[in-house]
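Overview (structure and organization)
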Amino acid sequence: MHSESFVVDLVAVILALLLIAAAVQAATKRVKFPFTVLLVLVGMALRQLVEHGPQFLRPLAEFEISPDVIMFVFLPALIFESAFNLDTRQLRHNLPAVLTLAVPGLVLSTAMIGVLVWWLTPFDLPTALLLGSILSATDPVAVISIFRNLGAPMRLTILVEGESLFNDATAIVVARILVGVAAGGYVFTPEAALDGVTEFLIVFLGGVLVGWLAARIFGWLLGAVEGDSFIETSLTTVLAYLSFLVAEEVFHVSGVMATVAAGLTMGGAGRTKLSASVAEYIEHFWEYMAFVANALVFLLVGLRVEWGSLYGSFDILIWVIAAML
């Protein structure tokens, strides 16, 4: 009975969050406010309503998703959708700038934020650098929305979207290295720095290779299917998740980069393998998948905010925001 009650609560919470997200999406068209930012604010307001409101809202406050679900369910969908729908020709022309922003740019951002936070707050240097690596992995959804409203140049949009795809992998690898430093596992030495660079290159480029090979295999399978939207959509879904899982769990390289490479390959050369009647359908399918993932993640972020803790950390938060700017 307890298991049945949990499943009912889970389904009810997800349905409620999707209904709220749909309402927020409708509201953004009227107020011209970035969707993801408004989701977080609504989530924070819901938290207060749940804590001081009727009992039937309690499951919203108690609902939690493990980091593994975020990593293995939501992240591949978000990354594959962005990569699949990105203009690969424009990305190719701007790849040196994108990679410069996503790799050395993110490392520089990590160092700048980390050193400033270490200098301005009670955090020690390894912890401050770890925070810097987490904060440097930007999410472009709100920014791209603003760009579209302003009519920003296409190249600027490509730079931001492309950089966001690659910087996730960079940030995850840098964060893993810094977790070891923060936990006292090892200290900064030239040898440790060289090992870190070597590990990064293996993890980063290994993920690219896994994703590219997976996309080539699935492209061949798609070429054997003629105009069946269900099979073709299923194959792209399996590709998005399988490339991530194989990279992370089998080869221990970057699942993010594997999904990025798979999405870019399928969205570029692999798109010719898709039936013309199905290609548009698949684009809309992945846009909806990304909408659901974004909606749930950002609402849950807002629901997890505790006003007491936020207020207690306000002095540190001001310095962290200043360091990011």
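This text follows the structure it describes.
About the cut-offs
- Residues numbered from 1 in each chain as written.
- Predicted model: local features only at pLDDT ≥ 70, side-chain atom pairs only at ≥ 80, totals over all residues.
- Heavy atoms only, no water.
- Helix = DSSP H or I, 4+ residues; strand = E, 2+ residues; numbered from the N terminus.
- Rg over C-alpha atoms; globule rule 2.2 N^0.38 Å.
- Buried < 20%, exposed > 50% of the residue type's maximum accessible area, 1.4 Å probe, protein only.
- Contact = heavy atoms within 4.5 Å.
- Polar contact = N/O pair within 3.5 Å; in protein donor to acceptor, adjacent residues only side chain to side chain.
- Core = buried A, V, L, I, M, F, W, Y, C linked by side-chain atoms within 4.5 Å.
- Salt bridge = Lys/Arg side-chain N within 4 Å of Asp/Glu carboxyl O.
- Phe/Tyr/Trp six-rings, centres within 6.5 Å; stacked < 30°, edge-to-face > 60°.

With that settled, the discussion passes to the overall build of the protein. If you tally the helices and strands in the protein, you get 16 helices and zero strands. Against the compact-globule benchmark of 20 Å for 325 residues, the protein has a radius of gyration of 21 Å, which places it among compact chains. If one aligns the C-alpha atoms of the protein with their principal axes, the spans along those axes are about 60 × 55 × 50 Å. Burial status across the protein gives 42% buried among its 325 residues. Pairs at least 24 residues apart make up 76% of the contacts formed inside the protein by residues separated by at least 6 positions.

Bringing the side chain of Thr 121 into the picture now. Tracing the sequence through the fold places Thr 121 in the loop between α7 (104-120) and α8 (125-136). The buried category is assigned to Thr 121, whose relative accessible area is 9%. There is a polar contact of 2.5 Å between the side chain of Thr 121 and the backbone oxygen of Val 117. Excluding its chain neighbours within four sequence positions, the residues that come into contact with Thr 121 are Ile 316 and Trp 319.

As a rule of thumb, soluble globular proteins bury nonpolar side chains together. Among the nonpolar cores identified, the biggest contains 25 residues, and Leu 17, Val 24, Leu 39, Leu 60 and Leu 299 are the most heavily contacted of them. Put simply, the parts of the chain that give this core at least two residues each are α1 (2-31), α2 (35-52), α4 (67-84) and α14 (276-304). The biggest single contributor to this core is α14, with 10 residues. Not counting the four nearest positions on each side in its chain, Val 24 is found in contact with Phe 35, Leu 38, Leu 39 and Val 42. Within the second largest apolar cluster, 24 residues are counted, among which are Met 71, Ala 102, Ile 158 and Phe 166.

What follows is about the pattern of salt bridges. The final tally for this structure, using the stated rule, is two salt bridges. One salt bridge connects Glu 306 with Arg 47, and the closest N-O pair in it is separated by 3.7 Å. A residue pair is termed long-range when its members are at least 10 positions apart, and Glu 306 in the loop between α14 and α15 (307-312) and Arg 47 in helix α2 qualify at 259 residues. With a relative accessible area of 11%, Arg 47 lands in the buried category. As a salt-bridge pair, Glu 283 and Arg 271 come within 2.6 Å of each other at their nearest N and O atoms. Here Glu 283, found in helix α14, pairs with Arg 271, found in the loop between α13 (255-267) and α14; they are 12 residues apart in sequence, far enough to count as distant. On the basis of relative accessibility, which here comes to 25%, the residue Glu 283 falls in the partly exposed class.

Now for the environment of Ala 45. Position of Ala 45 relative to the elements: it lies in helix α2. Residue Ala 45 is classed as partly exposed on the basis of its relative accessible area, which comes to 46%. Each C-alpha atom of the pair Ala 45 and Val 305 lies 9.7 Å from the other, and the pair is 260 residues apart in sequence.

Positive phi outside glycine occurs at His 252, with the angle close to 55°. Look at His 252 and you get exposed, because its relative accessible area is 59%.

Inspection of every chain in the model, using the stated rule, returns eight aromatic pairs. Their ring planes at 50° and their centres at 4.7 Å tell us that Phe 80 and Trp 286 sit as a pair that is tilted. Here the residue Phe 80 occupies a position in helix α4, and Trp 286 occupies one in helix α14, the gap between them amounting to 206 residues. Each of the two residues, Phe 80 as well as Trp 286, counts as buried. Aromatic pair Phe 285 and Trp 286: ring centres 5.4 Å apart, planes at 80°, arrangement edge-to-face. Judged by relative accessible area, which is 0%, Trp 286 ranks as buried.

What follows concerns the environment of Gln 25. The residue Gln 25 is located in helix α1 in this model. A relative accessible area of 29% places Gln 25 in the partly exposed class. Ignoring any residue separated from it by four or fewer positions in sequence, one finds Gln 25 in contact with Phe 35 and Phe 291.

By themselves these figures say nothing about function.
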